[in-house]
Amino acid sequence: MTNRKPVVVVTRKLPDVIETRMMELFDTKLNLDDHPLAKTELIEAVKTADVLVPTLTDRIDAAILASAGPNLKLIANFGTGVDHIDLASARQRGMVVTNTPDVLTEDTADMTMALLLAVPRRLSEGERLVRSGDWVGWSPTSMLGHRIWGKRLGIIGMGRIGQAVARRAKGFGLAVHYHNRKRVHPEIETELEATYWESLDQMLARMDIVSIHCPHTPATYHLMSARRLKLLPAHAIVINTARGEVIDENALTRMLAKKELAGAGLDVFENEPAINPKLLALDNVVLLPHMGSATIEGRIDMGEKVIINIKTFSDGHHPPDRVLISQGQ
Ligand code: DGY
């Protein structure tokens, strides 16, 4: 890049403090009314930008990248997941992709625990009952849920967020089990008192709660298929704060409706923001609007990472959070 400030196009509204700093450092084009960009707007953005700052609501596919102008060399994603970006196409075109790992780990793990408590202890149902005005007072048999202490939690994907969940879960008296592409370091296993299962199928059959923490890639699409969901015991609950596409949502919904699974806590969905109406009709689910990492502290930290990635790249250095193509496979 030359000495001129890089043209940075940001696709969604970011925290004010981040936008202000970006305006100081770069020739920044903001989206102040925060509307999700239409395809034509995205095409316009990639034609004019040196750096694109998309979020998970933008589909940066091969066709969009094909319409990029010659200056677009960096896609500095605001977010950790990069399943909305065609990484292979970006690489072919010589574009670098960065993301914002680490800074949303603790917030996402907190939200996982919130769901992990909310489903078996029926928090949403209880809240609805109180607000409805139909609550007639305490009784020994009303609103009975299930204890989580002493239950088995199966974590699918033992990366940063999976480990942060395991740390919390241990404090809640859950026995931690996990399946991961690679077994984690023995020191981590010991710290978390975590049991590794090479076979996901075998693990599922023994779990009371399963929580998804792997990225969505072609290899993990519908990892929790109808067949695998059926391996879970009928009293099991499923938590997902990763990506909706990792679970076959229709199969999950059918099983929940037939009580072949006890419940689910979902922060992410296959076709966000659309949600299967049959899922909305169920009582044994807690549904959240993809807010696992939604803290102001987290969003500012994500923005700081985006700025550092752009600044280091435009100064001619390797940006710290470069996404390797293998992360998207
Ligand atoms: C991410 O960064 O990928 C998260 O899903 C945003 O909440």
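Residues numbered from 1 in each chain as written. Predicted model: local features only at pLDDT ≥ 70, side-chain atom pairs only at ≥ 80, totals over all residues. Heavy atoms only, no water.

Draft legend 1. Spatial organisation of the pattern of salt bridges. Enumeration according to the criterion identifies 21 salt bridges in this entry. Lys305 is paired through a salt bridge with Asp321; the nearest N and O atoms lie 3.2 Å apart. Separated by 16 residues along the polypeptide, Lys305 in helix α13 (residues 296–314) and Asp321 in the segment after α13 bring together distant segments of the chain. One exposure class covers both Lys305 and Asp321, and it is buried. Each of Lys13, Asp16 and Glu19 takes part in a single network of salt bridges with overlapping partners. (Salt bridge = Lys/Arg side-chain N within 4 Å of Asp/Glu carboxyl O. Helix = DSSP H or I, 4+ residues; strand = E, 2+ residues; numbered from the N terminus. Buried < 20%, exposed > 50% of the residue type's maximum accessible area, 1.4 Å probe, protein only.)

Draft legend 2. How the structure looks around the nonpolar core. One finds Ile156, Ile212, Met224, Leu229, Leu232, Leu252 and Leu261 to be the most contacted residues of the largest nonpolar core, which totals 29 residues. Secondary structure elements with two or more residues in this core: α9 (200–204), β9 (209–212), α11 (249–257) and β11 (263–266). No other element matches the four residues that α11 contributes to this core. Residues in contact with Met224, not counting those within four places in the same chain, are Ile156, Leu204, Val210, Ile212, Leu229, Leu232, Val246, Ile247 and Asp248. (Core = buried A, V, L, I, M, F, W, Y, C linked by side-chain atoms within 4.5 Å. Contact = heavy atoms within 4.5 Å.)

Draft legend 3. Inspection of helix α7 (residues 160–171) at higher detail. Along its twelve residues, α7 runs 17 Å from first to last C-alpha, staying within 8% of the 16 Å computed at 1.5 Å per residue. If you check which residues of α7 are buried, you get Gly162, Gln163, Ala164, Val165, Ala166, Arg168 and Ala169. Taken together, the buried residues of α7 touch α5 (105–118), β6 (152–156), β7 (175–179) and α8 (186–192). Within two residues after α7, Gly173 carries a phi angle of roughly 80°, on the positive side. (Expected span 1.5 Å × (residues − 1).)

Draft legend 4. Structural context of the domain arrangement of the chain. As assigned here, the chain comprises domain 1 (7–103 + 295–324) and domain 2 (105–287). In this structure, domain 1 and domain 2 have C-alpha centres spaced 31 Å apart. Each partner contributes to the roughly 610 Å² buried at the junction of domain 1 and domain 2, and carbon and sulfur atoms together form 34% of this total. Interface area lost by domain 1 to domain 2 is led by Leu56, Asp83 and Asp102, which between them contribute 66%. For the pair domain 1 and domain 2, the interface holds two salt bridges. Residue Asp83 pairs with Arg243 through a salt bridge whose shortest N-O separation is 3.2 Å. For the pair domain 1 and domain 2, the interface holds five residue pairs in polar contact (both at pLDDT 80 or more). Considered class by class, the residues forming the side of domain 1 that touches domain 2 number three nonpolar, three polar and two charged. (Domains from an automatic or database assignment. Buried area = accessible area lost by both parts, 1.4 Å probe. Polar contact = N/O pair within 3.5 Å; in protein donor to acceptor, adjacent residues only side chain to side chain. Nonpolar A, V, L, I, M, F, W, Y, C, P; charged D, E, K, R; others polar.)

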